[in-house]
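Each chain, letter by letter, is given below.
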Amino acid sequence: MIRIAAVGDVHLDEEMSGQYRAQLGTLADDADVLLLAGDLTKHGTASEGRVVAEEFRDVGVPVIAVLGNHDYHSDEADKITELMRAEGITVLEGEGVTLDCPGGRLGVAGTKGFGGGFAGKAAPEFGEPELKEFVRHGRDLAARYATALTGLDADVRVGLTHYSPVKDTLAGEPPEIYLMLGSYLLAEALDDAGAALGIHGHAHAGVECGMTPGGVRVRNVALPVLRRTYGLYSLEVPGED
Amino acid sequence: MSAQEPQYLATHLREALAADPRTAEMGVRVRVHGDDVYLSGEVACAERRERILQVARELVPDRRVHDELSIAHVGGRPEEERLS
């Protein structure tokens, strides 16, 4: 088995420094890796990025993160990424990474992802340049994510995004804003890669459990949804007894 | 914020609480009844709750702002879900 801890939307700022870290005492006993599903800061400032880097450094297991929309709010996402990487945290955007865990080889590909909507209700790349740009941003990120996922040389593939790949986990959010909460292209990437699990955040009013059309399990790990320090998921490795 | 139809005021206030860098809270629900403004939803800590109330009172100084916010408590050792 490969054991995955995951959380998103911790929204840390200077006032919250140390509070989340204090809950991570049993993390290394529970899990092989910690995945962070974006919105790690409140306003996306470098100063908050420093809090995030301190909070998740040396927690006893490798930490793999994507950023969320909040982390881009102050145009300091590059600096936040740099601060996190300096503390040994892997930050993914359209890339993948593999880890040798005791249970097998885990591959994780990640992207912030974007809105755009879900099959049948998705925004088309048509009309005003502003709208086309919105749709294109989501398509570009999803395409790089798909390539990164299929390129993972691993026993088990896991996808990590901030935005949601499915509608299932948005239940509780107003349907009018689904377009802003995720994109079916992220689910298609999980299905095409035969992923074992898709992790996302962003939808604070949603629910934890969902599934892609191709049967890949999806978990919304936004902290207000989990109401626990992290979600903990163990995955069977193919060929394992 | 000037006096206006309650649904517009509620929406403007909600958007202002998201955009104001002191609060940047998107999860605050706002209801307006007459001169009363009710704020509800969950926030991460007591400081954030106070700041939301302070900013809201600045934005609508001529109305009574009621605090129905709550603070999220997160903790405890998570249970494992086995996906097979």
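Criteria and thresholds
Residues numbered from 1 in each chain as written. Chains lettered and ligands numbered in written order. Predicted model: local features only at pLDDT ≥ 70, side-chain atom pairs only at ≥ 80, totals over all residues. Heavy atoms only, no water. Helix = DSSP H or I, 4+ residues; strand = E, 2+ residues; numbered from the N terminus. Rg over C-alpha atoms; globule rule 2.2 N^0.38 Å. Buried < 20%, exposed > 50% of the residue type's maximum accessible area, 1.4 Å probe, protein only. Contact = heavy atoms within 4.5 Å. Areas by Shrake-Rupley, 256 points an atom, 1.4 Å probe, with all protein chains shown as cover. Lys, Arg positive; Asp, Glu negative; His and termini not counted. Charge placed at Lys NZ, Arg CZ, Asp CG, Glu CD. UniProt positions renumbered as here; feature names shortened; annotations may be inferred. Pairing = 2+ DSSP bridges. Axes fitted to C-alpha atoms, helices over the stretch in contact; angles between N-to-C directions. Parallel < 35°, antiparallel > 145°, perpendicular 65-115°, else oblique. Left-handed = near helix turned anticlockwise from the far one by under 90°. Nonpolar A, V, L, I, M, F, W, Y, C, P; charged D, E, K, R; others polar. Core = buried A, V, L, I, M, F, W, Y, C linked by side-chain atoms within 4.5 Å. Patch = residues over 30% accessible without salt bridge, like charges linked within 9 Å, V, L, I, M, F, W, Y side chains within 5 Å. Salt bridge = Lys/Arg side-chain N within 4 Å of Asp/Glu carboxyl O. 1 Å grid on protein atoms, 1.4 Å probe; cavity = no way out; pocket = protein on both sides within 12 Å on 5 of 7 lines; lining within 4 Å. Points joined across faces, edges and corners; volume = space filled by probe spheres on them. Buried area = accessible area lost by both parts, 1.4 Å probe. Polar contact = N/O pair within 3.5 Å; in protein donor to acceptor, adjacent residues only side chain to side chain. Right-handed = clockwise from strand over helix to strand, strands pointing away.

Examining the overall build of chain A
A tally of helices and strands in chain A yields seven helices and eleven strands. Scaling as 2.2 N^0.38, a compact globule of 241 residues should have a C-alpha radius of gyration of about 18 Å, and chain A matches this with 17 Å. Its C-alpha atoms put chain A at 50 × 45 × 30 Å along the principal axes. Out of the 241 residues in chain A, the part that is buried amounts to 56%. By sequence separation, contacts in chain A at least 24 residues apart represent 73% of the contacts at least 6 residues apart. With the model as given, the accessible surface of chain A reaches about 9400 Å², and the carbon-plus-sulfur share is 50%. When the 20 positive and 38 negative side-chain charges of chain A are each reduced to one mean point, those points stand 2 Å apart.

Comments concerning the UniProt feature "domain: Calcineurin-like phosphoesterase" (unreviewed entry) in chain A
Following the UniProt record, the feature "domain: Calcineurin-like phosphoesterase" (unreviewed entry) maps to residues 2-204 of chain A here. Secondary structure across residues 2-204 of chain A comprises 29% helix and 21% strand; the distance between its end C-alpha atoms is 27 Å.

A closer look at the sheet that holds strand E4 (residues 90-91) of chain A
As summarised here, the arrangement of the six strands in space is E4(A)-E3(A)-E2(A)-E1(A)-E11(A)-E4(B), forming an open sheet in which the pairing is mixed. Every interior strand has two partners, whereas the edge strands, E4 of chain A together with strand E4 (80-83) of chain B, have only one. Here strand E2 (residues 33-37) of chain A pairs with strand E3 (residues 63-66) of chain A via four bridges, running parallel. Each bridged residue has a counterpart across the sheet, and for A:Leu34 the counterpart in E3(A) is A:Val63.

Considerations on the packing of helix H1 (residues 6-19) of chain B against helix H2 (residues 46-59) of chain B
All names here are of chain B. Running from N to C, H1 and H2 point in directions that differ by 130°, and their axes come no closer than 11 Å. When the axis of H1 is compared with that of H2, the two are oblique. As for the relative orientation of H1 and H2, their crossing is right-handed in sense. Here Leu 13, Ala 16 and Leu 17 of H1 lie close against H2, whose contacting residues are Ile 52, Val 55, Ala 56 and Leu 59. The residue inventory of the contact of H1 with H2, partitioned by class, reads seven nonpolar, no polar and no charged.

Overview of the nonpolar core
All names here are of chain A. Within the largest apolar cluster, 56 residues are counted, with the highest numbers of intra-cluster contacts made by Leu 35, Phe 56, Met 84, Leu 106, Val 158 and Ile 199. Among all residues touching Leu 35, those that are not within four sequence positions of it are Ile 4, Ala 5, Ala 6, Val 7, Ile 64, Val 108, Val 158, Leu 160 and Ile 199. One finds Phe 114, Leu 149, Leu 186 and Val 216 within the second-largest nonpolar core, a separate group that totals 21 residues.

Examining a nonpolar patch on the surface
There is a patch of nonpolar side chains on the surface, built from A:Ile177, A:Leu179 and A:Met180 and spanning about 230 Å² of accessible area. For A:Met180, the location among the structural elements is in helix H5 (residues 178-181).

Observations regarding the layout of surface pockets
The method is simple in principle: a probe with the dimensions of a water molecule rolls over the atoms, and the space it marks as empty is what remains. The volume enclosed by the largest pocket comes to roughly 1500 Å³. Surrounding the largest pocket, 45 residues form its lining, A:His11, A:His204, A:Pro224, B:Met26 and B:Gly27 being those nearest its centre. Looking at the lining of the largest pocket, the elements with two or more residues in it are H5 and helix H7 (223-226) of chain A together with H1 and strand E2 (36-43) of chain B. The biggest single contributor to the lining of the largest pocket is H1(B), with four residues. Residues that form the lining of the largest pocket fall into these classes: 21 nonpolar, 13 polar and eleven charged.

Observations concerning the interface of chain A and chain B
In this complex, chain A contributes 28 residues to the contact, which on the side of chain B involves 22 residues. Roughly 2200 Å² is buried in total at the junction of chain A and chain B, and carbon and sulfur atoms are behind 46% of that figure. Run the count over chain A and chain B and you get five salt bridges. Taking the shortest distance from any N to any O, the salt bridge between B:Arg51 and A:Glu15 comes out at 2.3 Å. The tally of links between chain A and chain B comes to 13 residue pairs in polar contact (both at pLDDT 80 or more). Within the residue set of the side of chain A that touches chain B, elements represented by two or more residues are helix H1 (27-30), strand E10 (217-220) and strand E11 (231-235) of chain A. For the side of chain A that touches chain B, the leading source of residues is E11(A), giving four residues. Taken together, the residues that form the side of chain A that touches chain B break down as nine nonpolar, seven polar and twelve charged. Of the pairings in the sheet, the one linking E11(A) to E4(B) comprises four bridges and is parallel in character.

Some points on the pairing of E2(B)
All names here are of chain B. Counting buried positions along E2 gives six out of eight residues, so the element sits mostly inside the fold. Where E2 lies against strand E3 (residues 64-71), eight bridges are found, and the strand directions are parallel. The residue of E3 that forms the bridge with Ser 40 is Glu 68. Between the parallel pair E2 and E3, the chain is carried across by H2, and the sense of this crossover is right-handed.

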